[in-house]
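What the coordinates show
Each chain is listed here by its residues.
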Amino acid sequence: MRKIYKYSLLATILGLLVLTACTDEYEAPNSFSDVSWAQSFEPGNTWHVNIDEFVAFMDLSQGTLSHEWSIEEGNHFLDNGFEQGDTLDYFINKEKGLSTSDATVNVLFKNAGLNKIRLHNTFSEPVKYQYTVRDEEGNNVIVPVHSVEKDGAHVFDTTFVVDVYGEFKAKYAVVFKTDTILKITEEDLVDINDTANWKQVELEAGQSLELIDFTTVGRPSKRNWVFGSGNPSAIEDSAAVVSFYSLGRSKGFVDYSRAYPQPTAYKRFDIPLWINVSASNEPFVISGDITENIDGIVSFKVTGEVTELINEESNFTVTVKNTGTGFDETIDVVSATINTSDATIIDLKLQSPIYNNDEVSVAYAGGNIVSIDQRVLSAFTAQQAITYQKPSLFLDDAWGFEIPSTAQDGGADKWWFWPGFARSEDKGYLGSNASLKFEHTAGSNIYARAERSGLSVPEGQYLFSFYAFIEDGSDIANVELKTIWDNEAWQQIGIPLDTYSTGEWVLIENVINLEGVRNSFNFRVFEGTNPGDITMYIDDVRLYPLTVRE
C-alpha cells in the first residue's frame, strides 16, 4: 500500500509566512492530489492590514481539475513588478476583475472592514488539509478538513478573512465654558490653505478649552491633542482640558495613531480654530493645594504663567508645628523659583526638612511675582501644606478584595474569613466591583474575623486607612470595628462605627505605631451585647509609612 506523508515547512515569500508540502518515506505514485496554500494565517483566523495595502496568496495544490481565487467588489488583483514605495494603484489588473485562475495573486484591499478571499479548487480524488489551532488551554490541535464530492469531482472551498483598517477620519468637539464652539465630523475636510476663514475664540489668559474626541473611523488606539501654547502642551485623554496663558494667536492639532498588534498608522489633523489670548481681568492668585514632593520641594499653582520671580524668598513664611515634640518654628525659604516643567507652578526649597507628622503652613506677604500678562501675584494668608506621603505598603489587589479565594467559598485571595465576613461584589469603592462585607443579623452576639497572614510589616509609625460603607439603618451604636496587628502580642485599635456617617463611602484613618515586625492583620467585630442588623463594606486598605519628627 502506498503511503504519502505530508508536512508543513515554514518559509518566507513577500514578507509573509509560506506553507508548503513535502514528503517523507514517499513512494511516488503515477499521480496524486494535494491541497495547500501559502500565506501567514489559517482560514477561520483573521489577518489585519491597512487600507491600500496588499496581501499575497499562493495556491500550492497539486493535481487540481480547476482552480480559482475570487475577491469582493472594490478590491483588486495586482500585476507583478511593483517595489516598496510604488503606488500600487498603477499595478491594478482590471482585466482579471474579481476572479482569476492564477496560482499566485497579490490582492490590493480598498474596502475597510472584513474582506473575504475565496479559494475554490476541484480534484479527481479526495483531499484534506490539516489546520493547526489552539485549544482553550493553549495547546496546538490538528483539525483535518476534507473535500466534498459534488458532480463527480472533489471540491475544496475555503475562505480567508482580512480585516482592513481604514484611514483615520477625525470626529471631535471643542467647548468653551458651556458652548460648543467647534464640531468636526468624519465628512468635514479642513482646508489648511483657508486659515483666514477658520473660526476664532477669544480667551483671557488662564482660561481653558475642553476637547472631546469621538473618533472611531480608522480605529485609532491613541490620540494626542497638541497645543504649543497650551498647558499642558500635549495630552492624550479622549476628554481633555487645556489652559492658555501666553498672549497672542495660536492653533493646535490632534494626532491619531495605531500601534502593534494593530496595523501601524499615524495622521495629524489641523484643528480649524484660532485661539486668541488677551490679558486677564481676573486677579493673579494662588490656586489649589500647597504640596511637598519626594525631594522636599514645597509647591503651589497660580492662575497664570509666571515670567518674573526674583529675590522673593523673604516674602514667604513657612511655619512648622509638631505637637508631639513641641516643635514650633518658621523655616526659611532658601530659593523660590518657577517650576521648569510648568510655569504656573512656584517651587519653594526650604532650609531644613519637614516631616509627615508636622503641621505646615505657607503664607505670602506680596511682592513682585509677575505673570506673562503682567499681573502681580496677590498676597495670601497662611494655608496648610500637604506633606509628602510615601507609597502604601499595601498595593496588591488582595487589599481591595478583587480576587476570589480558591481555598475558601466566599473568601478573598490571601485572606481567611470567619462567619460574619465574606468577599462581596455588591459594591466597591471608586469603581471597584469588590469589597469585604460584614453582615450581622439581630438575635445573636457577634464574633466575626477577617485575617490576612504572611505579612512582614516593619516596626514604625504609619498612616493606616481604608474606606467603609455602612448601610443606612444599621444598628451600630456602641459597636467597634477592631483592627489588630499580630505577632507574639496583639496591637489593637478600636474604631467606633457610630462616629461615621452611613449610606456613603467614608475614609477611616488612624496614625499607628507598630512595635516590632507584624506578621498578620485582622478586622474583627466581637461584642458581648446583642445589636440589631448591621451591613458594612470595607475596601481599599492602605498603610503609608510616616517619616516623623523626633
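Residues numbered from 1 in each chain as written. Predicted model: local features only at pLDDT ≥ 70, side-chain atom pairs only at ≥ 80, totals over all residues. Heavy atoms only, no water.

Notes on the sheet that holds strand E44 (residues 534-545)
- Pairing within the open sheet is antiparallel, and its 5 strands lie in the order E36-E37-E44-E39-E42. Every other strand in the sheet has two partners, leaving strand E36 (421-424) and strand E42 (505-514) as the edge strands with one partner each. Shown here is a sheet whose adjacent strand axes are inclined to one another by a mean of 35°, direction ignored.
- Judged from the 5 bridges that link them, strand E37 (residues 435-440) and E44 form a sheet pairing that is antiparallel. Paired with His440 across the strands is Ile534, a residue of E44. (Pairing = 2+ DSSP bridges. Helix = DSSP H or I, 4+ residues; strand = E, 2+ residues; numbered from the N terminus. Axes fitted to C-alpha atoms, helices over the stretch in contact; angles between N-to-C directions.)

Thoughts on the pairing of strand E6 (residues 64-70)
- As judged from the 6 bridges shared by E6 and strand E10 (residues 113-123), these two strands associate in the antiparallel manner. Across the sheet, residue Thr64 finds its bridge partner in E10, namely Phe123.
- Judged from the 2 bridges that link them, E6 and strand E8 (residues 99-100) form a sheet pairing that is antiparallel. Counterpart to Trp69 in the pairing with E8 is Thr100.

Re the side chain of Asp373
- The topology assignment puts Asp373 in the loop between strand E33 (370-371) and strand E34 (380-386).
- Within the structure, the side chain of Asp373 is placed 2.9 Å from the backbone nitrogen of Ser280, a separation counted as a polar contact.
- A polar contact is formed between the side chain of Asp373 and the side chain of Ser371, at a distance of 2.4 Å.
- Discounting chain neighbours no more than four positions away, the residues touching Asp373 are Ala205, Leu247, Ala279 and Ser280. (Polar contact = N/O pair within 3.5 Å; in protein donor to acceptor, adjacent residues only side chain to side chain. Contact = heavy atoms within 4.5 Å.)

Description of the packing of aromatic side chains
- One pass over the structure, following the stated rule, counts 33 aromatic pairs.
- Aromatic pair Trp399 and Trp415: ring centres 5.4 Å apart, planes at 85°, arrangement edge-to-face. Of this pair, Trp399 sits in the loop between E34 and strand E35 (416-417) while Trp415 sits in the loop between E34 and E35, placing them 16 residues apart in sequence.
- Where Trp415 meets Phe523, the ring centres are 6.4 Å apart and the plane angle is 10°; that geometry is what we call stacked. On the criterion of sequence distance, the pair formed by Trp415 in the loop between E34 and E35 and Phe523 in strand E43 (residues 520-527) is long-range, its members being 108 residues apart.
- Residue class for Trp415 comes out buried when judged on its relative accessible area of 4%.
- Its relative accessible area of 0% is what places Phe523 among the buried residues.
- Feature note: the residues Phe394, Trp399, Phe401, Trp415, Phe417, Phe464, Phe466, Trp485, Phe521 and Phe523 constitute an aromatic cluster, connected by ring pairs.
- Between Arg249 and the ring centre of Trp274, over which it is positioned, the NZ or CZ distance is 4.1 Å.
- Positioned above the aromatic ring of Trp418 is the side chain of Arg449, whose terminal nitrogen or guanidinium carbon lies 4.0 Å from the ring centre. (Phe/Tyr/Trp six-rings, centres within 6.5 Å; stacked < 30°, edge-to-face > 60°. Buried < 20%, exposed > 50% of the residue type's maximum accessible area, 1.4 Å probe, protein only. Lys NZ or Arg CZ within 6 Å of the ring centre and 35° of its normal.)

A look at the pairing of E37
- The element E37 is largely enclosed, with a buried count of 5 among its 6 residues.
- Bridge analysis of E36 against E37 gives 4 bridges, and the strand direction is antiparallel. In the strand pairing of E37, Ser424 is matched with Ser435.

Quick notes on the pattern of salt bridges
- Counted according to the given criterion, the structure contains 21 salt bridges.
- The partner of Lys301 in a salt bridge is Asp342, and the shortest N-O contact between them spans 3.2 Å. Taken together, the residues Lys301 in strand E26 (residues 298-302) and Asp342 in the loop between strand E30 (333-338) and strand E31 (345-350) connect sequence positions 41 residues apart.
- Given the relative accessible area of 14%, Asp342 is considered buried.
- Glu425 is the salt-bridge partner of Arg423, the closest N and O atoms lying 3.0 Å from each other.
- When salt bridges with common partners are traced through the structure, they connect Asp52, Asp89 and Lys110 into a single cluster. (Salt bridge = Lys/Arg side-chain N within 4 Å of Asp/Glu carboxyl O.)

Examining unusual backbone geometry
- At the junction of Asn231 and Pro232, the peptide bond is cis and its omega measures out at 5° in the coordinates.
- In this structure, Pro232 sits in the loop between strand E20 (230-231) and strand E21 (234-235).
- In this structure, the amide linkage connecting Tyr260 to the following residue, Pro261, adopts the cis form with an omega of 15°.
- Residue placement: Pro261 occurs in the loop between strand E23 (248-258) and strand E24 (265-278).
- One non-glycine residue with positive phi stands out, namely Arg219, at about 50°.
- Secondary-structure assignment places Arg219 in the loop between strand E18 (208-213) and strand E19 (222-226).
- Taking the relative accessible area as the measure of exposure, Arg219 reaches 32% and is therefore partly exposed.

Here's the deal with the sheet that holds E18
- Taken in spatial order, the 5 strands of this open sheet run E16-E15-E18-E22-E20, and their pairing is antiparallel. The open sheet is flanked by strand E16 (179-184) and E20, the only strands paired with a single partner.
- As defined by bridge partners, strand E15 (residues 172-176) adjoins E16 across 5 bridges and the pair is classed as antiparallel. Of the residues in E16, the one forming a bridge with Ala173 is Lys183.

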